[in-house]
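# Notes for the structure review
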Amino acid sequence: MSDTTQDGAIAMTAPPSADDGLSPAELAAKYGLAVSGARPGLAQYIRQLWGRRHFILAFSQAKLTAQYSQAKLGQLWQVVTPLLNALVYYLIFGLILEASRGIPTEVYIPFLVTGVFVFTFTQSSVMAGVRAISNNLGLVRALHFPRASLPISFALQQLQQLLFSMIVLVAVAIAFGSYPSLSWLLIIPALTLQFVFNTGLALIMARLGSKTPDLAQLMPFIMRTWMYASGVMFSIPLMLKDKPAWIADLLMYNPAAVYMDLVRFALIDGYGSENLPSHVWIAGLAWAVLIGVVGFVYFWKAEERYGRG
C-alpha cells in the first residue's frame, strides 16, 4: 500500500500483520519461544541430567584430585584424616570415657572406625552440598546446564573418597578378626542407599546455601550434634539401656545410625542383628527414597533462580 504526501513523495505503509493485537505471551506461544533460563519440566530435567552424566563424573573426579593436590601425601589424606579422627575418638571415648562398655575390644575398634568413615561420608556430602552453588557462581552464571549436576557430583566425589577409604576399613576389620564372608556383599546395597540419601540431602542444602551463605558456618555445629546422637563412638542400646526405650529407638532410627549399623552388621563378625533396630533395611530404603525424591524436587523447584541476584 502507498500514500502520496503533500510534497509529492510516495510513502509506503506495511500491510496488516497476522500478529497485530497479540500479547507478548501469545507471540511467544505462537513462535515457540521460552523465557531464557526458565525451569524445564521435571521429566525433561531428568533427561538433561542423564545427558550430563559424563560431566558429573568427570567433575567429581577432578574435584577429588584437586582436593589434596597441594599436600605432600596427596590422596592419602582421604584415608589418614578419618583414621586420625577414629584414633582420637578411641583415646577419648574408648579408653578415658569407656564408651566401649559391653563391647569387646576386637569388635569396638572396627565398630568405631566404621562409624567414623560412614558418618564422614554423610557429613562431607552435606558440607559440600551447602557450598555447591555459592562456591561455583562463575560456572553457574557462565554456562547453561542443569544445576543439580553440582551437588550430585559433590556427593559422588564423597562416595569415591569413601570407597578409597574402604581399603583401610577392610584392613582394620581383618586385623581384629572379621574375615571376608558373603555378608560383606551387604555393604554394596547399604552404601547405595546411603549415597541416594546423601545426594538428596546435598540437593536440599545446596538450595538453602545458595541464598544463605552463612549456613556453611552453622552446619559444622549441626553435624557435630548429629554425630554425637548417632552412636558413632558408642552403642546406642547399650549406652541408653537405663533410659526410656523411646529415646534409644528415636536415635537408632535416625538415618546416620541406620546406615552405620548396616555397614557394621555386614563387616564385623561380632556385631550381630541383635544390635540393629527391627526392619532396619526398610528404614534405610525409606530414608533414601524420601530424602532422595524430596531433595531432588526441592532443588529443581528453584532451578531458574540459581546464580541470580
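Residues numbered from 1 in each chain as written. Predicted model: local features only at pLDDT ≥ 70, side-chain atom pairs only at ≥ 80, totals over all residues. Heavy atoms only, no water.

In terms of helices and strands, the protein chain carries 13 helices and two strands. Burial statistics for the protein chain: of 309 residues in total, 44% are counted as buried. For the protein chain, the computed accessible surface area is about 16400 Å², with 67% contributed by carbon and sulfur atoms. (Helix = DSSP H or I, 4+ residues; strand = E, 2+ residues; numbered from the N terminus. Buried < 20%, exposed > 50% of the residue type's maximum accessible area, 1.4 Å probe, protein only. Areas by Shrake-Rupley, 256 points an atom, 1.4 Å probe, with all protein chains shown as cover.)

The terminal C-alpha atoms of helix α5 (residues 105–130), which comprises 26 residues, lie 37 Å apart, in line with the 38 Å expected from a rise of 1.5 Å per residue. Summarising burial for α5: 21 of the 26 residues are buried, a large majority. (Expected span 1.5 Å × (residues − 1).)

A separate point is a nonpolar patch on the surface. On the surface, Leu 84, Leu 87, Val 88, Leu 91, Ile 92, Leu 95, Ile 96 and Leu 97 cluster together to form a nonpolar patch covering roughly 720 Å² of accessible area. Along the chain, the position of Ile 92 falls in helix α4 (residues 77–96). (Patch = residues over 30% accessible without salt bridge, like charges linked within 9 Å, V, L, I, M, F, W, Y side chains within 5 Å. Salt bridge = Lys/Arg side-chain N within 4 Å of Asp/Glu carboxyl O.)

This part takes up the nonpolar core. Tyr 108, Phe 119, Leu 150, Met 219, Met 233 and Phe 299 are the most contacted members of the largest nonpolar core, which has 86 residues in total. The element contributing the most residues to this core is α5, with 15 residues. (Core = buried A, V, L, I, M, F, W, Y, C linked by side-chain atoms within 4.5 Å.)

As for its placement among the helices and strands, Gln 157 is situated in helix α7 (residues 149–175). Accessibility expressed as a relative area gives 5% for Gln 157, which makes it buried. With sequence-adjacent residues up to four places away left out, Gln 157 is seen in contact with Ser 60, Lys 63, Leu 64 and Gln 67. (Contact = heavy atoms within 4.5 Å.)

Turning our eyes to something else, we now look at the side chain of Gln 160. One can find Gln 160 in helix α7. Side-chain polar atoms of Gln 160 contact the side chain of Ser 60, separated by 2.9 Å. Those residues within four positions of Gln 160 in sequence are excluded, and the remaining contacts are Ser 60, Gln 61 and Leu 64. (Polar contact = N/O pair within 3.5 Å; in protein donor to acceptor, adjacent residues only side chain to side chain.)

At their nearest, the axes of helix α3 (residues 53–67) and α7 sit 8 Å apart, and the two run at 55° to each other. When the interaxial angle is binned, α3 and α7 end up oblique. Crossing handedness for the pair α3 and α7: right-handed. Between α3 and α7, the contacting residues are Phe 55, Ile 56, Leu 57, Phe 59, Ser 60, Gln 61, Lys 63, Leu 64 and Gln 67 on the first element and Ser 149, Leu 150, Ile 152, Ser 153, Phe 154, Leu 156, Gln 157, Gln 160 and Gln 161 on the second. (Axes fitted to C-alpha atoms, helices over the stretch in contact; angles between N-to-C directions. Parallel < 35°, antiparallel > 145°, perpendicular 65-115°, else oblique. Left-handed = near helix turned anticlockwise from the far one by under 90°.)

Scanning all chains against the criterion turns up eleven aromatic pairs. When the centroid spacing of 5.9 Å and the interplanar angle of 80° are considered together, the rings of Phe 119 and Trp 226 count as edge-to-face. Here Trp 226 lies in helix α9 (residues 215–228) and Phe 119 lies in helix α5, a separation of 107 residues in the sequence. Taking 4.5 Å as the distance between ring centres and 20° as the angle between the ring planes, the aromatic pair formed by Phe 299 and Tyr 306 counts as stacked. Between the NZ or CZ atom of Arg 147 and the centre of the ring of Phe 145, over which it lies, the distance is 4.8 Å. (Phe/Tyr/Trp six-rings, centres within 6.5 Å; stacked < 30°, edge-to-face > 60°. Lys NZ or Arg CZ within 6 Å of the ring centre and 35° of its normal.)

Should their charged atoms come close, side chains of opposite charge can pair. What the rule picks out here adds up to one salt bridge. When the shortest N-O distance is used, the salt bridge between Asp 261 and Arg 264 registers 3.6 Å. Linking Asp 261 with Arg 264, this pair stays in helix α12 (residues 255–267), spanning three residues, or about one helical turn. When its relative accessible area of 6% is taken as the criterion, Asp 261 is described as buried. Residue classification places Arg 264 among the buried positions, given a relative accessible area of 1%.

Taken as a whole, the protein chain shows an average pLDDT of 85; of its residues, 85% reach a score of 70 or greater. Here strand β1 (residues 2–4) stands out as the element of the protein chain with the lowest mean pLDDT, 52, in contrast to helix α13 (residues 280–300), whose mean of 97 is the highest. (pLDDT = per-residue confidence, 0-100.)

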